[in-house]
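Observations on chain architecture
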Amino acid sequence: MSTEALSTAEGLVKAPLIHKGKVRELYDLGEHLLIVVTDRISAFDYVLDPAVPEKGKVLNGLSAFWFEKTKDLVPNHVVHTDVRKLGDLVSEPDKLAGRIMVTKKAQRIDIECVVRGYITGGGWRQYQKNGEVNGIPLPAGLHKNDKLEEPIFTPAGKNDVGHDEDISYEEMERRIGAELAAGLRKRSLLLYDYALAVCEHKSIILADCKFEFGLLGDEIILIDELFTPDSSRFWAEEKYELDIEIDSMDKEPVRTYLLGTDWDRDSTPPRLPDDVVDATTARYQEIYRRLTEPTSYGFTAFQPIKY
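Since we're looking at a predicted model, the values are computed, not measured.

1. With respect to the overall build of the chain
When helices and strands are counted, the chain shows seven helices and 17 strands. Against the compact-globule benchmark of 19 Å for 307 residues, the chain has a radius of gyration of 19 Å, which places it among compact chains. A principal-axis box enclosing the C-alpha atoms of the chain has dimensions of 55 × 50 × 45 Å. In the chain, which comprises 307 residues, the share counted as buried stands at 50%. Accessible surface for the chain amounts to roughly 14,800 Å². Of this, 47% is attributable to carbon and sulfur atoms. Taking the 39 positively charged and 54 negatively charged side chains of the chain as two groups, their mean positions are separated by 3 Å.

This is the structure we're talking about:
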């Protein structure tokens, strides 16, 4: 691989590092935050070695693409994505070009807002047990990967350590209040409907996705990332089938490789081979191309939320 991967921006940014996630690093710029999307990749709750070239640029580019498309539907945290505007705050701007986002500082709402348009993944596992997803009864006789009659909102409580916790809508109301819960559900379903329609024009199925929101004063705004392969389940239409594990348009080559090894998921993961890294880079670049390439239609299906 000729392109060098970026594993961290530490040492390149002259601002305090306030959070280092599996992929993103947050730096404090005073009035704003600087998010740097690295090329680190995780699977089964482990950060893997080596990083995947171009992955961070794809994730950041897709978030910027969708934030711009949906800003009149739901306000978001983006200030700009131009590394040149950071001036002396970065020492090697070329290394960070395409992978930074300067954002407003919002108070994170500790709810992960999940919308499911198809019954698969964790939702399917819940349905198999009791015919429900997050307490929402679904019709009997559904098959894995079936499209639901209407998308469902299935929140999770965010945990900084360990997995997020699936909760009912009633529990969400108890935690954050009925008015805020209703506002998050309304915005999440609106965003999903919009992106679902856009993806259909690209021959892509948006099976499910998750959002994070924050409060800027009294205003609810979108934060974090938006409709990326790390926060959404994309299927190519040509691969859609019922009752199978559909190959998602994300880091599937990594998961497939790891599942084919004798790794016990309780120790240091094996190093990813070059061909797996290259295949994963290609996978991320392909979903970026398919989602962002211009089309002949003019898409104005939804109007802004009236607050």
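2. Here we look at the nonpolar core
With 51 residues, the main nonpolar core has Trp66, Leu206, Phe211, Phe213, Phe227 and Phe234 as its most contacted residues. One finds Ala9, Leu34, Val36 and Leu86 within the second-largest nonpolar core, a separate group that totals 14 residues.

3. Some points on unusual backbone geometry
Of note, the bond from Asp49 into Pro50 is cis; its omega dihedral lies within 30 degrees of zero at 0 degrees. By the element assignment, Pro50 lies in the loop between β5 (46-47) and α1 (55-70). The backbone phi angle of Asp45 is positive, close to 70 degrees, even though this residue is not glycine. Tracing the chain through its elements places Asp45 in the loop between β4 (42-43) and β5. Phi is positive for Glu54, close to 80 degrees, though the residue is something other than glycine. Its location among the elements puts Glu54 in the loop between β5 and α1. For Glu54, a relative accessible area of 18% translates into the label buried.

4. A look at the sheet that holds strand β6 (residues 78-80)
The strands that make up a sheet are held in pairs by hydrogen bonds between backbone atoms, and each pair lies either parallel or antiparallel. The sheet built from five strands is open, its strands ordered β1-β2-β3-β7-β6 with antiparallel pairing. The open sheet is flanked by β1 (17-20) and β6, the only strands paired with a single partner. Averaged over all pairs of adjacent strands, the angle between strand axes in this sheet comes to 30 degrees, irrespective of strand direction. Packed onto the sheet, α1 meets β2 (24-28), β3 (32-37), β6 and β7 (100-104) and runs at close to 40 degrees relative to β7.

Cut-off values and rules
Counting from 1, residues in each chain are numbered in the order their sequence is written. In keeping with the predicted nature of the model, local features appear solely for residues at pLDDT of at least 70, side-chain atom pairs appear and are counted solely at 80 or more, and the whole-chain, interface and lining totals rest on all residues. Water and hydrogen atoms were dropped before computing side-chain values, which therefore reflect all heavy atoms in the structure. The way it works is that DSSP assigns letters per residue, a run of H or I at least four long becomes a helix, a run of E at least two long becomes a strand, and they are numbered from the N terminus. Computation of the radius of gyration draws on C-alpha atoms alone. For the globule rule, the value is 2.2 Å times the number of residues to the power 0.38. Exposure is judged per residue with a 1.4 Å probe applied to protein chains only, and the accessible area is read against the type maximum: over 50% gives exposed, under 20% gives buried, and values in between give partly exposed. Using a 1.4 Å probe, accessible areas were evaluated by the Shrake-Rupley method; residue-level cover was limited to the displayed protein chains. Here Asp and Glu are counted as negative and Lys and Arg as positive; His is not counted, and neither are the chain ends. A charged residue contributes its charge at one atom only: NZ of Lys, CZ of Arg, CG of Asp or CD of Glu. Here, nonpolar core means buried Ala, Val, Leu, Ile, Met, Phe, Trp, Tyr and Cys residues that are tied together by side-chain atoms lying within 4.5 Å of each other. Any two strands are treated as partners once DSSP identifies two or more bridges connecting them. Axis definition: a line fitted to C-alpha atoms, limited for helices to the stretch in contact. Angles are taken between N-to-C directions and run from 0 to 180 degrees. Residues are treated as being in contact if the distance between any of their heavy atoms lies within 4.5 Å.

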